[in-house]
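Working through the structure, step by step
Here is how the chains run, residue by residue.
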Amino acid sequence: MTYTPAITGTGVFTPEQVITNAELVESFNAYADLYNAEHAAEIEAGEVEAKAHSSEEFIVKASGIEQRFVMDKTGVLDPARMYPALRQRADDEPSIMTEMAMDAAKKAIAEAGIDASEIELVICAASNMERAYPAVAVEIQQAIGAGGFAFDMNVACSSATFGLQAAADMIRAGSVKKALVVDPEICSGHLEWRDRDCHFIFGDVCTAMVLERAEDAKGARFDIISTRCATQFSNNIRNNNGFLRRSRPDGVADRRDMQFMQNGRKVFKEVVPMVSEHILDHIAADGVGPDQLKRLWLHQANKSMNDFIGRKVLGREPEPGEQPNILQDYANTSSAGSIIAFSKYSDDFAEGDLGLICSFGAGYSVGSVLLRRHD
Ligand code: COA
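Along each chain, residue indices are assigned from 1 in the same order as the chain's sequence is written. Given that this is a predicted model, residues contribute local features only at a pLDDT of at least 70 and side-chain atom pairs are listed and counted only at 80 or more, while totals for whole chains, interfaces and linings are drawn from all residues. Side-chain numbers here rest on the full set of heavy atoms in the structure, without hydrogens or water.

Before going further, it helps to examine the site of the ligand. Not every one of the 19 residues close to the ligand is listed here, only the nearest: Ser54, Arg196, Gln262, Arg265 and Asn302. Nitrogen and oxygen atoms within 3.5 Å of one another constitute a polar contact, given that in protein one can donate a hydrogen and the other can accept it, and given that sequence-neighbouring residues count only through two side-chain atoms. At 2.9 Å, a backbone N or O of arginine 196 approaches a nitrogen atom of the ligand. Within the side chain of arginine 265, an N or O atom sits 2.8 Å from an oxygen atom of the ligand. Here the accessible surface of atoms and residues is derived via Shrake-Rupley with a 1.4 Å probe, and residues count as covered only by protein chains that are part of the display. Coverage of the ligand by the protein amounts to 72% of the 980 Å² it exposes when considered alone. Elements are defined by DSSP. Helices are runs of H or I of four residues or more, strands are runs of E of two residues or more, and each kind is numbered from the N terminus. Among the elements of the structure, α3 (56–63) and α8 (264–285) are those that each provide at least two residues to the shell around the ligand. Tallying contributions element by element places α8 first for the shell around the ligand, with 4 residues. Nearness is defined per residue: one heavy atom within 4 Å of the molecule or strand is enough.

Structure (structure tokens):
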């Protein structure tokens, strides 16, 4: 006996603090000036390269990003600091990820119309965990009052879709009836805000989704027709901050490779074809043509990248609303991006409409989820 898994609720936690491109560039340029003044002699001698200024125009043109939400803007914008001032929580306090997760989870659980105690599986799927163990998911499980079991998953920007597949497969097989997939992404903690090539890329957010057997849904639902995950090793997006981390006494990594690094141009070139082929193969396997998809909820890293993928998949210029972007407001929020887009742009779906969530990123990794609306 197998069951059809369905998404019955979603929730988004958006931090209160916003950093506009203008604020970000002002602080970056002040940092660059400070650095250049401090290293004036070495720069003069040709031993050190002077830091160039960033610009709002470049950021919007290269990425489509206009602002980002963060858990702490003061630390990020302080030119003498350039990373968030987030307090390490004591062991008897909730972790920051759990606090973010609680808000998003409560919204998703309320939308599904269930009680948290009915949840039998919690997957915390995110790019960076606040600690190694105990799993953050287990803390979230306890905080919301869920039963069953919980575990953490990290597939970078594809964590949420890979988490969706894991939960959907367990529901399909009958090992759990209700699951919560939650994605607290504190990207501000692993972004190198002092690197002009990437300082504008990320923001913080948390998304949550409740999955149930379709037959148990109380209201409208999105049946998960199928999921498809793929990975292919690449060093073009990398963060070496593992358990061999070397850090300063204040806990901040002093090596550049301990923060997010990428070769953005290569990522762009290599990932666009990988993702469009992945989506076309996935839907073809289910006998669905691109023209039958009402919407693509794509990973939110870069506007031109999404425009390319949309054109390749649909074989034409996407119509407004066929491929909504949220990155202008949220920036890249790693695995949460496509789920924010899904959560914000799915209410207009009618019975039988089809849509596809697709994430992509470090690994490389691509995860797609084909959905059908049921009212
Ligand atoms: N302000 C002003 N100029 C900048 C700048 C900034 N903040 N950052 C870079 N530039 C300059 C560079 O110095 C370079 O100048 P040059 O041509 O004189 O050498 C020029 O702009 C182009 O830089 P480049 O890094 O090649 O830009 P890009 O157009 O490729 O855009 C990304 C950069 C990162 C936005 C883009 O490559 C991208 O989004 N790639 C995909 C990334 C992705 O999806 N990653 C997944 C992460 S999970």
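With that settled, the discussion passes to the pairing of strand β13 (residues 365–374). Working note: regular strand, side chains alternate between the two faces of the sheet. Counting buried residues along β13, 8 of its 10 residues qualify, which places the element largely inside the surrounding structure. Two strands pair under a simple rule: DSSP has to find at least two bridges between them. In this sheet, β13 lies alongside strand β8 (residues 221–231) in antiparallel orientation, the contact comprising 10 bridges. When the sheet's bridge partners are listed, threonine 231 is paired in β13 with serine 365. By the bridge criterion, 8 bridges tie strand β12 (residues 354–361) to β13 in an arrangement that is antiparallel. Each bridged residue has a counterpart across the sheet, and for phenylalanine 360 the counterpart in β13 is valine 366. Three labels apply to residues, based on accessible area from a 1.4 Å probe with only protein chains included: buried if under 20% of the type maximum, exposed if over 50%, partly exposed otherwise in between.

Our focus in this paragraph is helix α5 (residues 96–112). For α5, built from 17 residues, the straight-helix expectation of 24 Å at 1.5 Å per residue is met to within 8% by its first-to-last C-alpha distance of 25 Å. Where α5 is concerned, the buried positions are Ile96, Met97, Thr98, Met100, Ala101, Met102, Ala104, Ala105, Ala108, Ile109 and Ala112. Expected span, for any helix, means 1.5 Å times one less than how many residues it has.

This part takes up the nonpolar core. Buried residues of nine kinds, namely Ala, Val, Leu, Ile, Met, Phe, Trp, Tyr and Cys, make up a nonpolar core once their side-chain atoms join them within 4.5 Å. If you look at the biggest cluster of nonpolar residues, it comprises 47 residues, and the most contacted ones within it are Val275, Ile279, Leu293, Ile309, Leu356, Cys358 and Phe360. Looking at this core, the elements with two or more residues in it are α1 (21–38), α4 (73–77), α8, β11 (293–298), α9 (303–314), β12 and β13. Ranked by residues supplied to this core, first place goes to α8 with 7 residues. Contact criterion: two residues are considered in contact whenever any of their non-hydrogen atoms come within 4.5 Å of each other. Excluding residues within four positions of it along the chain, valine 275 makes contact with Ile309, Cys358, Phe360 and Val366.

This part takes up the pattern of salt bridges. Throughout this description, the term salt bridge denotes a Lys or Arg side-chain nitrogen within 4 Å of a carboxyl oxygen of Asp or Glu. Evaluation of the coordinates by the stated rule reveals 17 salt bridges. Two residues, arginine 89 and glutamate 99, come together in a salt bridge whose shortest N-O distance is 3.1 Å. With arginine 89 in the loop between α4 and α5 and glutamate 99 in helix α5, this pair connects stretches of sequence that are 10 residues apart. Across the pair glutamate 322 and arginine 316 runs a salt bridge whose closest N-O atoms are separated by 2.9 Å. According to the relative accessible area criterion, glutamate 322 is buried, its value standing at 13%. Of the residues examined, arginine 316 reaches a relative accessible area of 36% and is grouped as partly exposed. Each of the salt bridges in this network shares a partner with another, and the network as a whole consists of Glu118, Lys178 and Glu212.

This part is about the packing of aromatic side chains. Only the six-membered ring of Trp is used, alongside the rings of Phe and Tyr, when aromatic pairs are assigned; centres must lie within 6.5 Å, and planes under 30 degrees apart are stacked while those over 60 apart are edge-to-face, with the rest tilted. Scanning the model with the defined rule gives 12 aromatic pairs in all. When the centroid spacing of 6.0 Å and the interplanar angle of 80° are considered together, the rings of phenylalanine 58 and phenylalanine 200 count as edge-to-face. Residue phenylalanine 58 is located in helix α3, and its partner phenylalanine 200 is located in the loop between β6 (178–186) and β7 (204–213); the two are separated by 142 residues in the primary sequence. With a relative accessible area of 5%, phenylalanine 200 lands in the buried category. Seen from their ring centres, phenylalanine 149 and phenylalanine 151 are 6.4 Å apart, and the 15° between their planes marks the pair as stacked.

Another aspect to go through is the packing of α8 against α9. Closest axis-to-axis distance for the α8/α9 pair is 9 Å, and the angle between their directions is 35°. Between α8 and α9 lies a crossing whose hand is right-handed. Across the interface between the two elements, Val267, Phe268, Val271, Val272, Val275, Ser276, Ile279 and Leu280 of α8 pack against Ser304, Met305, Phe308, Ile309, Lys312 and Val313 of α9. Its residues assigned to classes, the contact of α8 with α9 comprises 11 nonpolar, 2 polar and 1 charged. Every axis in this analysis is a line fitted to C-alpha atoms, fitted for helices over the stretch in contact. Angles between the N-to-C directions lie between 0 and 180 degrees. Handedness of a crossing follows from how the near helix is turned relative to the far one, being left-handed for an anticlockwise turn of less than a right angle and right-handed for a clockwise one. Side-chain classes follow a simple rule in which Ala, Val, Leu, Ile, Met, Phe, Trp, Tyr, Cys and Pro form the nonpolar group, Asp, Glu, Lys and Arg form the charged group, and the remainder, Gly included, forms the polar group.

Before going further, it helps to spend a moment on the sheet that holds strand β1 (residues 5–13). Within the open sheet, the 9 strands sit side by side as β5-β4-β6-β7-β1-β8-β13-β12-β11. Their pairing is mixed. What marks the edges here is a single partner per strand, and that holds for β5 (149–153) and β11. Averaged over all pairs of adjacent strands, the angle between strand axes in this sheet comes to 25°, irrespective of strand direction. Two elements, β1 and β7, share 8 bridges in a ladder whose sense is antiparallel. When the sheet's bridge partners are listed, phenylalanine 13 is paired in β7 with cysteine 206. Across the face of the sheet, helix α7 (residues 159–173) comes into contact with β1, β4 (121–125), β5, β6, β7, β8, β12 and β13 while running at roughly 120° to β8.

On to helix α11 (residues 337–344). Burial analysis of α11 places 7 of its 8 residues in the buried class, which makes it a mostly covered element. By the burial criterion, the buried members of α11 are Gly337, Ser338, Ile339, Ile340, Ala341, Phe342 and Ser343.

Summarising the element assignment, serine 54 is placed in the loop between α2 (40–44) and α3. At 2.8 Å, the side chain of serine 54 and the side chain of histidine 199 are in polar contact. Among residues more than four places away in sequence, those in contact with serine 54 are Val25, Phe28, Asn29, Ile59, Arg196 and His199.

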